[in-house]
Structures are given as C-alpha cells and as structure tokens.
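Chain by chain, the residues:
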Amino acid sequence: MPTVSVKRDLLFQALGRTYTDEEFDELCFEFGLELDEITSEKEIISKEQGNEKAEGASDVILYKIDVPANRYDLLCLEGLVRGLQVFKERIKAPVYKRVMPNGEIQKLIITEETAKIRPYAVAAVLRNIKFTKDRYDSFIELQEKLHQNICRKRALVAIGTHDLDTLSGPFTYTAKRPSDIKFKPLNKTKEYTACELMNIYKTDNHLKHYLHIIENKPLYPVIYDSNGVVLSMPPIINGNHTKITVNTRNVFIECTGTDFTKAKIVLDIIVTMFSEYCENQFTVEAAEVVFPNGKSSTFPELAYRKEMVRADLINKKVGIRETPENIAKLLTRMYLKSEVIGDGNQIEIEIPPTRADVIHACDIVEDAAIAYGYNNIQMALPKTYTIANQFPLNKLTELLRYDMAAAGFTEALTFALCSQEDIADKLGLDISATNAVHISNPKTAEFQVARTTLLPGLLKTIAANRKMPLPLKLFEISDIVIKDSSRDVGARNYRHLCAVYYNKNPGFEIIHGLLDRIMQLLDVPPGEKKRGYVIKASEGPAFFPGRCAEVFARGQSIGKLGVLHPDVITKFELNMPCSTLEINIEPFL
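Residues numbered from 1 in each chain as written. Predicted model: local features only at pLDDT ≥ 70, side-chain atom pairs only at ≥ 80, totals over all residues. Heavy atoms only, no water.

J.: Would you mind going over the overall build of the chain with me for this structure?
T.: When its secondary structure is counted, the chain shows 16 helices and 28 strands. If you line up the chain on its principal axes, its C-alpha atoms span 85 × 70 × 60 Å. Expressed as a percentage of its 589 residues, the buried residues of the chain come to 47%. Contacts in the chain between residues far apart in sequence, at least 24 positions, make up 68% of those at least 6 positions apart. Carbon and sulfur atoms provide 49% of the accessible area of the chain, an area that totals close to 29900 Å². Here the chain carries 73 positive and 77 negative side-chain charges, and the mean point of each set is 3 Å from the other. (Helix = DSSP H or I, 4+ residues; strand = E, 2+ residues; numbered from the N terminus. Buried < 20%, exposed > 50% of the residue type's maximum accessible area, 1.4 Å probe, protein only. Contact = heavy atoms within 4.5 Å. Areas by Shrake-Rupley, 256 points an atom, 1.4 Å probe, with all protein chains shown as cover. Lys, Arg positive; Asp, Glu negative; His and termini not counted. Charge placed at Lys NZ, Arg CZ, Asp CG, Glu CD.)

J.: Sorry if this is basic, but what is going on with the sheet that holds strand β2 (residues 34-40) here?
T.: Hydrogen bonds between backbone atoms are what pair the strands of a sheet, whose relative direction is either parallel or antiparallel. Strand order in the open sheet formed by 3 strands is β1-β3-β2, and the pairing between neighbours is antiparallel. One side of each edge strand has no neighbouring strand; the edge strands of this open sheet are β1 (3-7) and β2. Each adjacent strand pair in this sheet contributes to an overall mean axis angle of 25°, direction not counted. Note that β2 and strand β3 (residues 61-66) share 6 bridges and pair antiparallel. Its bridge partner lying in β3, serine 40 is registered against isoleucine 61. Lying on the sheet, helix α1 (residues 8-15) is in contact with β1 and β3; it crosses β1 at an angle near 80°. (Pairing = 2+ DSSP bridges. Axes fitted to C-alpha atoms, helices over the stretch in contact; angles between N-to-C directions.)

J.: Honestly, the UniProt feature "domain: B5" (unreviewed entry) in the chain in this entry has me stumped. Any pointers?
T.: Summarizing the sequence annotation, UniProt attributes the feature "domain: B5" (unreviewed entry) to residues 302-379 in the numbering used throughout. The straight-line gap between the two end C-alpha atoms of residues 302-379 is 40 Å; of that span, 38% is helix and 22% is strand. (UniProt positions renumbered as here; feature names shortened; annotations may be inferred.)

J.: Teacher, can you tell me more about the domain arrangement of the chain here?
T.: Put simply, an interface is often sized by how much accessible area is lost when its parts join up. We note that the domain assignment places domain 1 (3-69), domain 2 (97-299) and domain 3 (392-588) within the chain. Using C-alpha coordinates to define each centre, domain 1 is positioned 30 Å away from domain 2. (Domains from an automatic or database assignment.)

J.: Mind showing me how you'd approach the packing of helix α9 (residues 311-318) against helix α11 (residues 361-372) here?
T.: A pair of packed helices is captured by two measures, namely the crossing angle of their axes and the spacing between those axes. Running from N to C, α9 and α11 cross one another at 65°; their axes reach a closest spacing of 10 Å. Here α11 runs roughly perpendicular to α9, going by the angle between their axes. α11 is crossed by α9, and the crossing has right-handed handedness. Side by side, α9 and α11 meet where Ile314, Lys317 and Val318 of the first sit next to Val365, Ala368 and Ala369 of the second. (Parallel < 35°, antiparallel > 145°, perpendicular 65-115°, else oblique. Left-handed = near helix turned anticlockwise from the far one by under 90°.)

J.: Sorry, what's going on with the nonpolar core here?
T.: Most often, soluble globular proteins keep nonpolar side chains buried together rather than apart. The biggest cluster of nonpolar side chains holds 78 residues, and the ones touching the most others in it are Phe24, Ile65, Leu126 and Leu146. No fewer than three residues from each of domain 1 (3-69) and domain 2 (97-299) sit in this core. If we skip the residues at most four places from it in the chain, leucine 126 touches Phe139, Arg249, Asn250, Val251, Ile253, Val271, Phe274, Ser275, Cys278 and Val284. Formed by 27 residues, the second largest nonpolar core is a distinct cluster that contains Phe475, Val524, Ala549 and Leu581. (Core = buried A, V, L, I, M, F, W, Y, C linked by side-chain atoms within 4.5 Å.)

J.: Hey, could you run me through the packing of α1 against helix α5 (residues 77-87) in this one?
T.: Packing of α1 against α5 leaves a shortest axis separation of 10 Å and a crossing angle of 45°. The angle between α1 and α5 falls in the class oblique. Every pair of crossing elements has a handedness; the one defined by α1 and α5 is right-handed. Here Leu10, Leu11, Ala14 and Leu15 of α1 come into contact with α5, specifically with Leu77, Val81, Leu84 and Gln85. Looking at side-chain class alone, the contact of α1 with α5 contains 7 nonpolar, 1 polar and no charged residues. (Nonpolar A, V, L, I, M, F, W, Y, C, P; charged D, E, K, R; others polar.)

J.: Looking at this structure, how should I read the sheet that holds strand β23 (residues 472-483)?
T.: With mixed pairing, the 7 strands of this open sheet are ordered in space as β20-β23-β24-β28-β27-β26-β25. Every interior strand has two partners, whereas the edge strands, β20 (410-411) and β25 (533-537), have only one. Strand direction decides the pairing type here: strand β26 (residues 543-553) and strand β27 (residues 556-564), joined by 7 bridges, are antiparallel. Paired with glutamate 550 across the strands is lysine 560, a residue of β27. On top of the sheet, helix α14 (residues 455-464) reaches β23, β24 (491-502), β27 and β28 (578-584); it is set at about 35° to β24, its chief contact.

J.: How should I be thinking about the environment of serine 579 in this particular structure?
T.: Summarising the element assignment, serine 579 is placed in strand β28. Serine 579 sits in the buried class, given a relative accessible area of 0%. Taking C-alpha positions, serine 579 is 9.4 Å from histidine 512, a pair spaced 67 residues apart along the chain. Contacts of serine 579, omitting those with residues within four sequence positions, involve Ala499, Val500, Tyr501, Pro506, Gly507, Phe508, Ile511, Gly562 and Val563. A polar side-chain atom of serine 579 sits 2.6 Å from the main-chain carbonyl oxygen of proline 506. In terms of polar contacts, serine 579 uses its side chain to reach the backbone amide nitrogen of phenylalanine 508, at 3.5 Å. (Polar contact = N/O pair within 3.5 Å; in protein donor to acceptor, adjacent residues only side chain to side chain.)

J.: I keep staring at the packing of aromatic side chains and nothing clicks. Help me out?
T.: Aromatic ring pairs: the centre-centre distance and the angle between the two ring planes describe each pair. Evaluation of the coordinates by the stated rule reveals 16 aromatic pairs. On the basis of an interplanar angle of 80° and a centroid distance of 5.7 Å, the ring pair of tyrosine 96 and phenylalanine 282 is categorised as edge-to-face. Highlighted residues: tyrosine 96 in the loop between α5 and β4 (97-99) and phenylalanine 282 in the loop between α8 (260-274) and β15 (283-290), separated in sequence by 186 residues. Here the two residues tyrosine 96 and phenylalanine 282 agree in accessibility, since each one is buried. An aromatic cluster of three or more residues is present, and its members are Phe131, Tyr136, Phe139, Phe274 and Tyr277. Positioned above the aromatic ring of tyrosine 210 is the side chain of arginine 154, whose terminal nitrogen or guanidinium carbon lies 4.0 Å from the ring centre. We note lysine 426 situated over the ring of phenylalanine 572; from NZ or CZ to the ring centre the distance is 4.9 Å. (Phe/Tyr/Trp six-rings, centres within 6.5 Å; stacked < 30°, edge-to-face > 60°. Lys NZ or Arg CZ within 6 Å of the ring centre and 35° of its normal.)

This is the structure:
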C-alpha cells in the first residue's frame, strides 16, 4: 500500500477542524485507511542518518497514512481532504468540467517514430492556477506517487509538467537518435546530448532507476514546442526551460507511455486534484492530441459513467439489511453519487473520473461496506457448514518432511527466485534449455528467474555452512516453476523433493538408500511391474560421467540421482564430493 505523508496542521486546516491523534486514527479506519505513523521530518532523518544529520530539520508533525493501492485519488493532501469531507457529508462531491480555451487550443502532435518506443500521449492545461509552497510541494509529490504506483516506475506512463507561458505551441512528440537530442535538463546549467545525460544519470540515486526503459533503444522519445525548445525527454527528465515554480500560473501537462488507458487515468487524476486551485475551480482546459494516422482526440476525458446495482445484492453481499435509500446515501458518502430509480430496488451510481478503481459491481459493494462500517456489521454464523481438509499435495509433503527428518536429513527452506547463473551456467546448462520464467525487471542479480530446480538453493546453503561438522545432509520439498503455454498464466508449478549428501566421500549409496526409503513410504514397489520404480543409467551435465541415473516410477520419469560433477561443486564454492537426488512427487498423489 502506498503511504502518503501530510503535514498534520495543514491537513486539519483543510478539514476545517482539529482532531486528537486517536480521533484521526478512528476517522481513517472508518474511511478504509490506516494512520501508519505519526512522525516529523527531523525524526525520520534522525532514524535513517543519525542525530547530527537531523540538526536543522523541520519539527512539523507528519501523518503517514496508508492508502489502498488502487485509490489514486487519495495520493495527495487535496484528494485526501476532499474524500474525507465528502465522507463526513460536509461538502458535496465537486463536478469536474473540461472547457475549451478562449483562443486557439493547445495541440500535441505525435509522430510515427514513437510507435516502437512510447506510442501514446495525452495532454491538458491547468489555467490560472495559484500555487503556494505547500501546494507546489503536493503537486510534485503526487506525480512521484503516481510514478511509483499506477505508472509502474515510469515504465507504463511518465508525467511531464511545464510552465505554459515559457512555451509556444503546437507541441511535437517524436523520437530521435540520442546524439541528435540536445537540451538543458531540469536543474542543470548547461546543455547535454541525450547520450551524455544517460551517462550522467547513471550515478543519480533518483533517475538511474528509469534509464533502462529507453537506454538500449535506437531512438529516444522527446517533446518539442514550435520553436524547437525541448519540454522533456520522457520518461527520464524534463527540460529546465519549462520548469514550473510557485509563481507559475498556467501549467501544460503531458503524459506519455505504453499504456493508453493508464495515461488517461493519470492525467485525469492530476487535473482533478489540482483544478481546485484554478481561477475557475474544478475546470480543466482541454488540449488536442493528433495521432500519427491523422486522427485527433481532446483530453482530459473527465468521463462520468453510470452503473446499476440492486440494493438487495449489496445487502446480501455485505450482510446487512438497509433500505435502498440508505444504501444510496452510503455510496454518495464514498464519492459515488447515487439515487434510487425504477422499481425502488435499483440504485443508479455515477462513477466520477477520480474513481478509476471502480470497475465492477463488487467495488461498489465494498464501498457500501466501508461507509456502513465494518465494525457495525453483525456477526452471523454461515448458513452452510464445511469441514476443512488439507490439500492432498500439501498433506503428502508434510508426511514426507517428517520421514526425511527421521532419516537423518535436515530441512532447508530456500528462495523461490535465483540467478540465471545458478540454474544454468553453474549446472552446465544453457539458460534457454531450462524453460525458466524470467523476472522482467529484477532488482538484483540474485533474483532474476524462478527456480527450475531445488538443487542450487541447497548447494548454496551448504556453502554457507561449510564450517559445520560433516556429513551435511540437507533436503527441501518445495515448488519449482516451469514455463507452460497451455496455462492461463503461462507457467506451472511442480512439487519437487531434493536431497543432498556432502562429505569426504560421495555417499551415492546413502542417496540411493534414501530413494528406496521414499518409495517404500509411497508404497511403490521396486521393478517395472505393478507400477513400480526403477533407475536407469543416464547422463547429465551436472553429474559425474557414469555416476548418474534417471528415476522412473509408474511408467514415467520423475527425476535423477547421482554424484555431482567436480566443476559444479567448484562453481558453488564447495570442495568435497556431493551426491544428490531430485524427484517430482506429484505423480504419487
């Protein structure tokens, strides 16, 4: 859940009254939020960097409030206050309007060069806006919250805000070679080419996280005005020429991205939150976007839509008995203007442009439950009774865990994610042959793929415990993940059992004996008859030549056992022989 930090006094001033910490905590709970922490800038710096660094920092009390991830309208002070005021029925939900300018409409022209990089863009204008220091800070903070949330760290959408009075439209959104883009970036005093900027920002703690989005592309996206002034190079940095300040009166907002729907949502959220400070409150000046095919659209959409939900459905799902009129009133408090129509059981709900999270009737039901109060819902015994049972696969896993421990092996629990090197290079395989599921944007080299085998995790556990007395006998029974195009998620889990014996001698006979014991427990007889099990000589890049066998049970291959190749042992920073067994236990259900 995103956390929004707001100044307590500023929040109370906007709400029109003060609360004790306990009262505000209760108000947050009633509204479906959580007051996570009460702190100050000085206290935060003191905790993170020490008391010396905290000297001179602000003592202003901050409320850190946890907000649901899909409530983009609550990510800033303005939206939070508006939502709470409507909830407490102190104000009515404002109506947001898109207006056409008195003069020529601002245009953003998209060229076809952007198609393979960031093909979508939307724009709008906040006209005659009045910033203060606190409003300006909130405006910048909202953009950052949206970037981290719905924008997926700028990968899907990047926001650019510019002082319109420093620009001359129409604007052009295109893509050029990095060497052909040159401008003065935000808070810099000289011009740089895009190539130079990418090198400079590799050491920037904030911007370095976004470079990967475009750095390997042949063309970089860029937005110019009619005089060739660079507004921004999305999703990395804005131009310094168009920098907004507290004195800015007219703001041009552009959102570029790879997801058109999310770009429109982001634009709607920004303009609805801060149109409050425009001369004509809650009105937004339209901008025209011209697409490469010649078609054009006007943004922001600020679309209101209507949904119908029956009152008896809400009563049934929440477990309450309220009249349709009361339910409509509850929904109106949640920023969903509602009224009873038709046969008296039908409720018409108006979904405002700020509530992009409402996509289904269940979202409306949830809001009704929040407004009613979870603590006010009467507890009741369910009308149907069931007896819970453990999943057969988990039950088998638990039984095997006990008997593996009884056999003298110690259980390990390793990470489900690992590096490509662990499941491929170190085991003598090519990564393409592993059929592994890759993480699209891994945070660390240690967690690049979902594991396709349990063996690397156990070998790394042994490497971390080499000082322990020999022999080391470890096992793990967990899931591995393999790509599977037939599944709706494109992958499938398999429950594997893996055991490793590490000592001065290979101990193949111990691992073989363990396999026999497991099969005895599973009531699988030796031999191919009667759906039994056999082991057959095999080869594998991870195993010593002539010391590898494939295990067949009930007519199918379930895994391998053998002595690991010295190269594998060395790559995992071990120095003694090692035998291993890894089988799939799902066929025995």
